Amino acid sequence: MTRNKRQVREKLKHNIKIYRKMLGLTQVGLSIQADVSSYYISDIEIGRGNPSLDTLCKIANALKVEPYELLK
């Protein structure tokens, strides 16, 4: 994995966790809201998951942010 991909993945996992906690959601709660497996949310937050654009949009919608907010 290139350094740039690593940085994006780090930002993504950090931001999902921050926004999730700001809304008072657990990983299970987020998974229900986003219609994504709770195991997959966990994988993303520890840096193992690589969500598709569709999944990223579902998660962003559940977190009430624009998808780009999860990457910046």
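For the structure, check the block above.
From a predicted model like this one, the values you see are computed outputs, not experimental measurements.

Draft legend 1. Fine view of helix α3 (residues 38-45). When α3 is considered as a whole, its buried residues turn out to be Ile41, Ile44 and Glu45. Axial view of α3: buried residues confined to an arc of 95°, hence all on one face. The secondary structure elements touched by the buried residues of α3 are α1 (3-22), α2 (27-34) and α4 (53-62). With a side-chain oxygen positioned 3.0 Å from the backbone nitrogen of tyrosine 39, the residue opening α3 is serine 37. Within two residues after α3, glycine 47 carries a phi angle of roughly 90°, on the positive side.

Draft legend 2. Expanded view of the nonpolar core. Among the nonpolar cores identified, the biggest contains 16 residues, and Leu12, Ile16, Leu30, Ile59, Leu63, Val65 and Leu70 are the most heavily contacted of them. Breaking this core down by element, the ones donating at least two residues are α1, α2, α3 and α4. Per element, the largest residue contribution to this core is four residues, and it comes from α4. In this structure leucine 30 touches Ile16, Arg20, Leu25, Ile41, Ile59, Ala62 and Leu63, once residues within four positions along its chain are discounted.

Draft legend 3. The layout of surface pockets, seen in detail. If you add up the space inside the largest pocket, you get close to 210 Å³. Surrounding the largest pocket, 12 residues form its lining, Val8, Arg9, Leu12, Asn50 and Pro51 being those nearest its centre. When residues of the lining of the largest pocket are traced back to their parent elements, those giving at least two are α1 and α4. Residue contributions to the lining of the largest pocket peak at four residues, all from α1. In the lining of the largest pocket, the residues fall into seven nonpolar, three polar and two charged.

Draft legend 4. Looking closely at the pattern of salt bridges. Enumeration according to the criterion identifies four salt bridges in this entry. With a shortest N-O distance of 2.8 Å, aspartate 43 and arginine 48 are connected by a salt bridge. The residue glutamate 69 makes a salt bridge to lysine 72 at a minimum N-O spacing of 3.6 Å. Residue class for glutamate 69 comes out buried when judged on its relative accessible area of 17%. Under the relative-accessibility criterion, lysine 72 is labelled exposed at 56%.

Conventions we followed
- Residues numbered from 1 in each chain as written.
- Predicted model: local features only at pLDDT ≥ 70, side-chain atom pairs only at ≥ 80, totals over all residues.
- Heavy atoms only, no water.
- Buried < 20%, exposed > 50% of the residue type's maximum accessible area, 1.4 Å probe, protein only.
- Helix = DSSP H or I, 4+ residues; strand = E, 2+ residues; numbered from the N terminus.
- Arc of directions from axis to C-beta.
- Contact = heavy atoms within 4.5 Å.
- Polar contact = N/O pair within 3.5 Å; in protein donor to acceptor, adjacent residues only side chain to side chain.
- Core = buried A, V, L, I, M, F, W, Y, C linked by side-chain atoms within 4.5 Å.
- 1 Å grid on protein atoms, 1.4 Å probe; cavity = no way out; pocket = protein on both sides within 12 Å on 5 of 7 lines; lining within 4 Å.
- Points joined across faces, edges and corners; volume = space filled by probe spheres on them.
- Nonpolar A, V, L, I, M, F, W, Y, C, P; charged D, E, K, R; others polar.
- Salt bridge = Lys/Arg side-chain N within 4 Å of Asp/Glu carboxyl O.

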